[in-house]
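# Residue-level structure breakdown
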Amino acid sequence: MLAIVKDKKGPGYAFKEVENPRPKEDEVLIKVKAVGICGTDVPILKGIREVPIPLIPGHEFAGDIVEVGSKVKNFKVGDRVTPAIVINCGSCYYCRTGLETLCDNIIETGIHVDGAFAEYVTVPEKVLHKLPENMTYEQGASIDPIASAYHPVKKASIGSEDTVVVFGPGPIGLYATQIAKAEGAKKIITVGVKGDEERLELAKELGADEIVISDENLLENISKLTDGRMADIVVEATGHPSVFEMALSSVRKHGTVIMIGIFHAPATANIAQIVRREIQIKGSICYTWQDYKECIDLVEAGKVRVEPMISHTFDLKDMDKAMEVIDQRKAIKIIMHP
């Protein structure tokens, strides 16, 4: 089969023929129909994030089961499916207490083991979800990033009187905006930087009540939009170190800051205000099996929209073109078709 392979350390990858994978007794073999490029995939392909070599990346995907292992019970050949990324051990302390994303022995498809930038991929039965009949493969391939936004937003326990500020109009931030709306937030303010104008307009289309450019007047603008109280809940979805201080300053006393963005450099901030203003900070990584199922339901019900998020589609062989669009910051979400 043809696949995108990270076959050496440092920048670069290869598009080449590799042997078809074979499912183990508890696994299925999936013919990949659609696979998204995640913000995690980019540093892998560029050699910034270390992974096992060789590795086929890709974890946001959907497809058809074409072979099942001997111990697979609940799925069959022909089923349309989308798998969750987290393969947890099920036996460590965190798995046994319902915190599967913090599994001590976690394995993630496309990061620790071969993923879906290929014609075929194997995954364990336990991570599978069936696609509803009316759901497209592109929608199925989008459940992973939706769930990555849903898991942290759920932690905020949004109420009907809450104002939510979302930093970052990238895919996760835009999905967080939609989910905050679905959770019943009174007002949603999405924040971006100069150059994000198109994404911010999309945020407004998807549920943001207000959009703000992050500049020297940021806190003043948020204050005006919240009658001086500041936000009840702030969602940090950029991973940019400078935004941490902004997030702390944008939330009200006893408010909640939810951290989604992956920081690749240390962040500095006035930590004293966390104490003096009793700010609650919650981190979030990935999602649970139940989160994933609930996100399928949200998309099926039309409460979260996928199609406006997909800015580009490419054949898998055109990964170079896709990476160029990403580097030029022209993409919101790219879907590849093997």
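Structure report, in brief. For clarity, every value in this text was computed on a predicted model and none was experimentally measured. (Residues numbered from 1 in each chain as written. Predicted model: local features only at pLDDT ≥ 70, side-chain atom pairs only at ≥ 80, totals over all residues. Heavy atoms only, no water.)

## Section: the overall build of the protein chain
- On a plain count of helices and strands, the protein chain comes out with 11 helices and 17 strands.
- Relative to its 338 residues, the protein chain shows a buried fraction of 52%.
- Considering only contacts within the protein chain whose residues lie at least 6 apart along the sequence, 68% involve residues at least 24 apart.
- Counting only carbon and sulfur atoms, one obtains 50% of the accessible surface of the protein chain, whose full area is about 15200 Å².
- Across the protein chain, the 40 positively charged side chains and the 49 negatively charged ones have centroids separated by 2 Å. (Helix = DSSP H or I, 4+ residues; strand = E, 2+ residues; numbered from the N terminus. Buried < 20%, exposed > 50% of the residue type's maximum accessible area, 1.4 Å probe, protein only. Contact = heavy atoms within 4.5 Å. Areas by Shrake-Rupley, 256 points an atom, 1.4 Å probe, with all protein chains shown as cover. Lys, Arg positive; Asp, Glu negative; His and termini not counted. Charge placed at Lys NZ, Arg CZ, Asp CG, Glu CD.)

## Here we look at the sheet that holds strand 13 (residues 231-236)
- Taking strand neighbours across the sheet as the criterion, the six strands line up as 12-11-10-13-14-15 in an open arrangement whose pairing is parallel. Only two strands of the sheet have a single partner each, and these edge strands are strand 12 (210-213) and strand 15 (280-283). Across this sheet, the average inter-strand angle for adjacent strands is 20°, counted without regard to direction.
- Strand direction decides the pairing type here: strand 13 and strand 14 (residues 251-259), joined by five bridges, are parallel. Bridging across to strand 14, Val 235 finds its partner in Ile 258.
- Contacting strand 11 (187-192) and strand 12, helix 6 (residues 197-205) crosses the sheet at an angle of about 160° to strand 12. (Pairing = 2+ DSSP bridges. Axes fitted to C-alpha atoms, helices over the stretch in contact; angles between N-to-C directions.)

## Topic: the nonpolar core
- Core analysis: the largest hydrophobic core is formed by 82 residues, its most contacted members being Ile 30, Phe 117, Ile 146, Met 319 and Met 336.
- Of the residues forming this core, the biggest block, six residues, is contributed by helix 4 (residues 143-155).
- Residues within four places of Ile 146 in sequence aside, it is in contact with Tyr 175, Ile 179, Cys 295, Val 299, Val 304 and Val 306.
- Of all hydrophobic cores here, the second largest spans 19 residues; its members include Leu 218, Met 230, Val 243 and Leu 248. (Core = buried A, V, L, I, M, F, W, Y, C linked by side-chain atoms within 4.5 Å.)

## Structural notes on a nonpolar patch on the surface
- Taken together, the side chains of Leu 99, Leu 102, Ile 262 and Ile 285 make up a nonpolar region of the molecular surface, amounting to roughly 330 Å² of accessible area.
- Tracing the chain through its elements places Ile 262 in the loop between strand 14 and helix 9 (272-276). (Patch = residues over 30% accessible without salt bridge, like charges linked within 9 Å, V, L, I, M, F, W, Y side chains within 5 Å. Salt bridge = Lys/Arg side-chain N within 4 Å of Asp/Glu carboxyl O.)

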